[in-house]
Amino acid sequence: QSRIRQFEPKDKDNVICSKDVISFARQRGFFNGKDADFSFCDAYAPADFGAIRYCETRVWSFYNRHVDGMERYLDYADGRHIGQAEPMPLYFKPKHKLSVADVIASNRDHYEGTPFDVTKDVGAGMYCAPYRPTPLSFTYKGKKYFNERPISTQQTALTVVAQMRRHLPNAIGGVLWFGNDDPNMVAYTPVYCCADSVPPCYDAPQANDVTFSWQSAFWVCNWVANMTYPRYSMLFPSVQRVRDELEQGFLSRQADVEAEAARRFAVSEEEGKAWLTHYSV
């Protein structure tokens with residue numbers, strides 16, 4: 001769902017856009033006002049209930065973790081007040097600097113503690129599961145219903161958190177924290193941008209989309225998650241304990257790993273890359 005509203009096309013330092021972004025919308029009948037009033041998403045992706053509740057509510061929940069006063073936008077985020085409620089801005093300045101751990105935790109969000117909390121409605125069942133089967137919307141006895149679409153879902157194939165630090169050499173400063181499957185169920189692992197080989201568990205040749213293998217992290221992570229979903233409150237605490245132990249270990253070792261990498265890069269670039277590749281694997 002597009003979130004870009006008004007912008008200044010002439011602000012070349014901050015805006016890149018097609019020269020006919022407004023005139024084309026006017027030509028196609030998507031917009032007929034003054035250029036100064038043009039809103040990109042209202043013209044090209046006008047919101048309906050699904051666009052708000054399945055997309056913008058996720059954005060609201062992410063911001064709600066890191067920005068004060070997000071209650072102001074609840075009427076917008078619920079999707080029931082389109083054209084009446086104040087839309088959220090494209091971005092906010094967070095109340096604190098976000099760490100890698102903050103962003104990873106945000107990827108695991110199921111709207112906990114908000115009016116959209118997926119663990120509190122009848123669909124959570126006796127094991128308080130924050131997951132719902134597809135489809136998102138359905139009709140029963142002539143009435144329409146819908147399930148929430150939180151940030152973390154069982155349909156996630158993988159997620160990546162990119163950590164980029166310009167005060168470090170490029171080979172050390174860029175890290176992709178990689179998570180197979182549902183981010184709530186897995187420990188994110190660091191893969192440095194200079195790595196020149198892939199960890200075998202992320203590239204198991206004997207596995208594919210229909211062939212299970214215990215050597216494939218994709219399949220193992222999916223297996224753990226699928227065993228946990230039906231008995232969530234009973235099993236997830238054990239999964240969470242191992243997940244956090246692994247992940248916090250990676251995060252706590254990062255400074256020492258990078259200090260050793262810097263020492264090896266001082267000897268030769270080849271040795272530094274080999275060290276970080278070995279660590280990533």
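Nothing here was measured: the structure is a model prediction, and the numbers come from that model. The written sequence of each chain sets the order in which its residues are numbered from 1. Selection of residues for local features in this predicted model requires a pLDDT of at least 70, selection of side-chain atom pairs for listing and counting requires 80 or more, and totals for whole chains, interfaces and linings are taken over all residues. With hydrogens and water excluded, all non-hydrogen atoms of the structure serve as input to the side-chain values.

**Examining unusual backbone geometry**
A cis amide bond links Thr134 with the next residue in sequence, Pro135, at an omega value of 0 degrees. Segments assigned H or I by DSSP are reported as helices when at least four residues long, segments assigned E as strands when at least two residues long, and all are numbered from the N terminus. Mapped onto the fold, Pro135 is located in the loop between helix 5 (100-107) and strand 1 (137-140). Here the phi dihedral of Tyr111 falls at roughly 70 degrees; this positive angle occurs in a residue that is not glycine. Mapped onto the fold, Tyr111 is located in the loop between helix 5 and strand 1. Backbone geometry at Asp181 places phi at a positive 60 degrees, although glycine is not the residue there.

**Quick notes on the sheet that holds strand 5 (residues 189-192)**
Strand order across the open sheet formed by three strands is 3-4-5, with antiparallel pairing between neighbours. Of all the strands in the sheet, the pair left with one neighbour each is strand 3 (158-164) and strand 5. Mean inter-strand twist for the sheet, computed between neighbouring axes without regard to direction, equals 30 degrees. Any two strands with at least two DSSP bridges between them are considered paired. Note that strand 3 and strand 4 (residues 174-180) share seven bridges and pair antiparallel. Under this scheme, a helix contributes an axis fitted over its contacting stretch, all axes are lines through C-alpha atoms, and angles between N-to-C directions fall in the 0 to 180 degree range.

**Some remarks on the nonpolar core**
Nonpolar cores are built from buried Ala, Val, Leu, Ile, Met, Phe, Trp, Tyr and Cys residues. Side-chain atoms within 4.5 Å join them into one set. The cut-offs for exposure are 20% and 50% of the maximum accessible area for each residue type, with area from a 1.4 Å probe on protein chains only; residues under the lower value are buried, those over the upper are exposed, and the others partly exposed. Ile104, Val161, Trp177, Tyr188, Tyr192, Cys194 and Leu276 are the most contacted members of the largest nonpolar core, which totals 14 residues. Put simply, the parts of the chain that give this core at least two residues each are helix 5, helix 6 (170-173), strand 4 and helix 8 (232-267). Sort the elements by how many residues they give to this core and helix 8 lands first, with three residues. Note on definitions: a residue-residue contact is assigned when non-hydrogen atoms from the two residues lie within 4.5 Å. Dropping the residues within four chain positions of it, Ile104 is found in contact with Val161, Tyr188 and Glu247. If you look at the next biggest cluster of nonpolar residues, it comprises 13 residues, including Met70, Tyr73, Ala85 and Met88.

**Here we look at the packing of aromatic side chains**
Classification of ring pairs uses Phe, Tyr and Trp, with its six-membered ring standing for Trp, and accepts pairs whose centres are within 6.5 Å; under 30 degrees between planes counts as stacked, over 60 as edge-to-face, and the remaining range as tilted. Under the counting rule described, the total for this entry stands at 21 aromatic pairs. Pairing Phe40 with Tyr44 gives two aromatic rings, centres 5.0 Å apart and planes at 40 degrees, and the pair type is tilted. Highlighted residues: Phe40 and Tyr44, both in helix 2 (residues 40-44), separated by four residues, approximately one helical turn. What makes Phe40 partly exposed here is its relative accessible area of 25%. Residue Tyr44 is classed as partly exposed on the basis of its relative accessible area, which comes to 29%. When the ring of Tyr111 is compared with that of Phe116, the centres are 5.9 Å apart and the planes differ by 65 degrees; the resulting orientation is edge-to-face. In terms of burial, Tyr111 and Phe116 fall into one category: buried. Three or more aromatic residues joined by ring pairs make a cluster, and in this case those are Phe7, Phe30, Phe31, Phe38, Phe40 and Tyr44.

**Description of the pairing of strand 2 (residues 143-146)**
For a regular strand, the rule is simple: side chains alternate between the two faces of the sheet. Relative to strand 2, strand 1 runs antiparallel, the two being bridged by four bridges. From the neighbouring strand, Tyr140 faces strand 2, where its bridge partner is Lys143. In this antiparallel pair of consecutive strands, strand 1 and strand 2, the connection spans two residues, and Lys141 shows a positive phi of 50 degrees.

**Focus: the environment of Val100**
By the element assignment, Val100 lies in helix 5. Residue Val100 is classed as buried on the basis of its relative accessible area, which comes to 11%. A C-alpha to C-alpha distance of 7.0 Å links Val100 and Gln163, two positions 63 residues apart in sequence. Each residue touching Val100, except ones within four places of it in the same chain, is listed here: Gln163, Trp177 and Leu251.

**Observations concerning a nonpolar patch on the surface**
A cluster of nonpolar side chains, Phe212, Trp214, Trp223 and Met227, forms an exposed patch at the surface whose accessible area comes to about 430 Å². The topology assignment puts Phe212 in the loop between strand 5 and helix 7 (217-228). Here, patches come from residues exposed beyond 30% relative accessible area and free of salt bridges, joined within 9 Å for like charges and within 5 Å for nonpolar side chains (Val, Leu, Ile, Met, Phe, Trp, Tyr). For the accessible areas, the method is Shrake-Rupley and the probe is 1.4 Å, while residue cover comes only from the protein chains on display. Whenever a carboxyl oxygen of Asp or Glu lies within 4 Å of a side-chain nitrogen of Lys or Arg, that contact is scored as a salt bridge.

**Considerations on helix 3 (residues 49-66)**
It helps to recall that an α-helix has 3.6 residues per turn; residues three or four apart then point in one direction. Expected span, for any helix, means 1.5 Å times one less than how many residues it has. The end-to-end C-alpha separation of helix 3 is 25 Å, in line with the 26 Å expected for 18 residues at 1.5 Å each. The bend at a residue is defined as the angle formed between two axes, one fitted to the seven residues ending at that residue and one fitted to the seven starting there. Bending of helix 3 peaks at approximately 40 degrees at the position of Glu56. The inward-facing, buried residues of helix 3 abut helix 4 (74-77), helix 5, strand 1 and strand 2.

**What to know about the pattern of salt bridges**
Enumeration over the complete set of coordinates arrives at 15 salt bridges. Across the salt bridge formed by Glu247 and Arg108, the nearest N and O atoms sit 2.6 Å from each other. In this pair, Glu247 sits in helix 8 while Arg108 sits in the loop between helix 5 and strand 1, placing the two residues 139 residues apart along the sequence. Under the relative-accessibility criterion, Glu247 is labelled buried at 6%. Members of the salt-bridge network, linked through shared partners, are Glu260, Arg263, Arg264 and Glu271.

**Concerning the packing of helix 7 against helix 8**
The interhelical angle for the contact between helix 7 and helix 8, taken along N-to-C directions, is 145 degrees, at an axis separation of 8 Å. Of helix 8, the residues touching helix 7 (which contributes Val224, Met227 and Thr228) are Tyr232, Leu235, Phe236 and Val239. Each residue is assigned to one of three groups, with Ala, Val, Leu, Ile, Met, Phe, Trp, Tyr, Cys and Pro labelled nonpolar, Asp, Glu, Lys and Arg labelled charged, and all others, Gly among them, labelled polar. Among the residues forming the contact of helix 7 with helix 8, the class breakdown is six nonpolar, one polar and no charged.

Honestly, that's just the spatial picture; any functional story needs more than this.
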